Amino acid sequence: MRGRRLKIAGVGIAIAGAVLAILLAIAHRPAIASIERPDPRSFDPAVVARGANLARIGNCVSCHQAEGGRPYAGGYPVTTPFGTIYGSNITPDPDTGIGHWSRAAFARAMREGIGRNGRHLYPAFPYTHYAGVTDGDVDALYAFLMTRPAVRATPPDNDLIPPLGFRPLLAGWKLLFFQPAPIRVDPSQSAEWNRGRYLGETLAHCSACHSPRGLLQQEQRGAEAYAGGWSGGWYAPPINARSPAVRTWTPQRLETYFRTGLSRDHAAAAGPMGPVTYNLARADPADVRALARYYAWWMRNAPAAKVDPPLPDRRALAERQHPAGARLYEGACATCHEPGAPMVVAGRPVLPLGTPLHEDNPRDTIQIILQGLRPPVQASGPYMPAYADALTDRQIAEIVGYLKVRHGSGSAWDDLEKEVAKAREEGR
Amino acid sequence: MIELNVNGGVARADVDPATPLLYVLRDDLGLHAAKFGCGLGQCGACTVLVDDRPVFACLLPVGAIGERAVTTVEGLGTTVEPGDVQRAFLQEQAGQCGYCIPGMIARAEALLRRTTTPTEEEMRAAMAPSLCRCGTHMRILRAVRRAAVARGGGIVDPAEPVA
């Protein structure tokens, strides 16, 4: 009996060992030989400039710069349901950055998610998108990064739940969810649309935040593409036919929003979208226009695109349902937000137009009240102060409930007090 | 009638609960340290402490305060016996026209109640919401550094471990 058990255990161990060996064999990738750090003067300045533009469109610096740190030196914490991953140092420092990386090693990292030493990279680095980047654009980004100031900085170690620190597992994730393919040109669409698609689906990786994710953090595609996702404690609203925007996102309005961080018909860029618009404001205007063209196309069947609905003001109803919220609003919000108030005159969207009040969940409305809003591009204009210290969870919940009834649309929001507590916890 | 906990005592005011705290402090309670600047939460002249956190009193309805403790500069010391932050501002001569200073002091007090060993960056971020049109920022920052030291701490370099 005992011998049989041992035998079964032995077979079990052997099978487990074989599976592990196969997994490791599948997962194994060779290192690519290190090189001497290339002389920055060896790169064509025109190519470097192209790379700079692409890096802005890719918003690389958002994850590759810690708060208070140097650009591209890494250390920014990307939070996932499985723990925290820190952006790496992609300056050309030979020891802590990518100074020893050849162009081939950089291209493999970008398009296959494998480090120079052969390690699989976590898909928090969106190589699922970068797989479609052209050779010329990879070269330009390489030239741009290799000519940045080298910064000696080692990001903190990733803090992931076991066994995810074991990187060969990522080979399994890639088998399931990583099907690299170049971006096809759609001949039925304009050159500008195709440019927008190429940039949006690859470097700009918009769907990384704006698409929902599955259990293993893979992006949902097909009908779920661009149907809204989560990022840094904020909700990235749907930017497909389910866009909750009240006014149509025309290519022109979207372009203005991308380049200024503000649309008087929609909202101000908030949360993780702030740095995106900050960088787009500094990118090639033609590329930004192409992105606007492409994403306006994604939202072409949204309700607002068919008819600009009227802006109801259900003030009396909201006051009846949320009397405490109404009182708080009067004292804390009305001076800036009622018609004719200074903020409205200064070109900020009026509350009924604000997209957050029309979203399926209250997260963005709550975060804006908690953290305030500072338009990232025109930073000198009026801004919304943060109320995290001034109001309690319950008070913010009351204001949010009042605003939703008064100006909002879409599904009702429940458990608002709990939602505020959660937003405080998850928002940075 | 609204009851407030202000500077360690109980204060009462017969006001609409939507009234901004600033108006109640100045008009009903005679506490004139906190100033009206913009009334829009943009300048910080009205900053006071509510439960140790800095808030814009111009945008906080008095009815929202409840049991929370309100502290104004009057609660931090007197002319004869200034508190440590006030003393630091005096010693550095950080005020010029003085209009922003009560808000600055409240903001510095909130920072030092949170930590007496902030980094330079933390200190600047904490003070940033208050504006000074005279341009005495460097003196104001020196005063905050001095107050941190007076409270047994000081500005720390983030790379150095704090003992």
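About the thresholds
- Residues numbered from 1 in each chain as written.
- Chains lettered and ligands numbered in written order.
- Predicted model: local features only at pLDDT ≥ 70, side-chain atom pairs only at ≥ 80, totals over all residues.
- Heavy atoms only, no water.
- UniProt positions renumbered as here; feature names shortened; annotations may be inferred.
- Helix = DSSP H or I, 4+ residues; strand = E, 2+ residues; numbered from the N terminus.
- Phe/Tyr/Trp six-rings, centres within 6.5 Å; stacked < 30°, edge-to-face > 60°.
- Buried < 20%, exposed > 50% of the residue type's maximum accessible area, 1.4 Å probe, protein only.

As recorded by an unreviewed UniProt entry, chain B carries the name (2Fe-2S)-binding protein and is attributed to Sphingomonas spermidinifaciens.

Per an unreviewed UniProt entry, the recorded name for chain A is Cytochrome C, and the organism is Sphingomonas spermidinifaciens.

**Section: the UniProt feature "domain: Cytochrome c" (unreviewed entry) in chain A**
Residues and elements named next belong to chain A. Under the present numbering, the feature "domain: Cytochrome c" (unreviewed entry) in UniProt falls on residues 46-149, 191-296 and 320-407. The distance from the first to the last C-alpha atom of residues 46-149 is 18 Å, and the span holds 41% helix and 8% strand. Here residues 191-296 is 42% helix and 6% strand, with 15 Å between the C-alpha atoms at its ends.

**Re the packing of aromatic side chains**
Summed over the entire model, instances satisfying the criterion amount to 20 aromatic pairs over all chains. Ring centres 6.5 Å apart and planes at 90° place the aromatic pair Y294 of chain A and W298 of chain A in the edge-to-face group. In this pair, Y294 of chain A and W298 of chain A are both assigned in helix α12 (residues 285-298), four residues apart and thus about one turn of the helix distant. Aromatic pair Y23 of chain B and F36 of chain B: ring centres 6.3 Å apart, planes at 45°, arrangement tilted. Of this pair, Y23 of chain B sits in helix α1 (residues 21-28) while F36 of chain B sits in the loop between α1 and β3 (47-50); the two residues are 13 residues apart in sequence, bridging distant segments of the chain. According to the relative accessible area criterion, Y23 of chain B is partly exposed, its value standing at 35%. Take F36 of chain B: its relative accessible area is 36%, and that puts it in the partly exposed class. Every member of this aromatic cluster is reached through a ring pair, and the members are W193, Y226, Y294, Y295, W297 and W298 of chain A.

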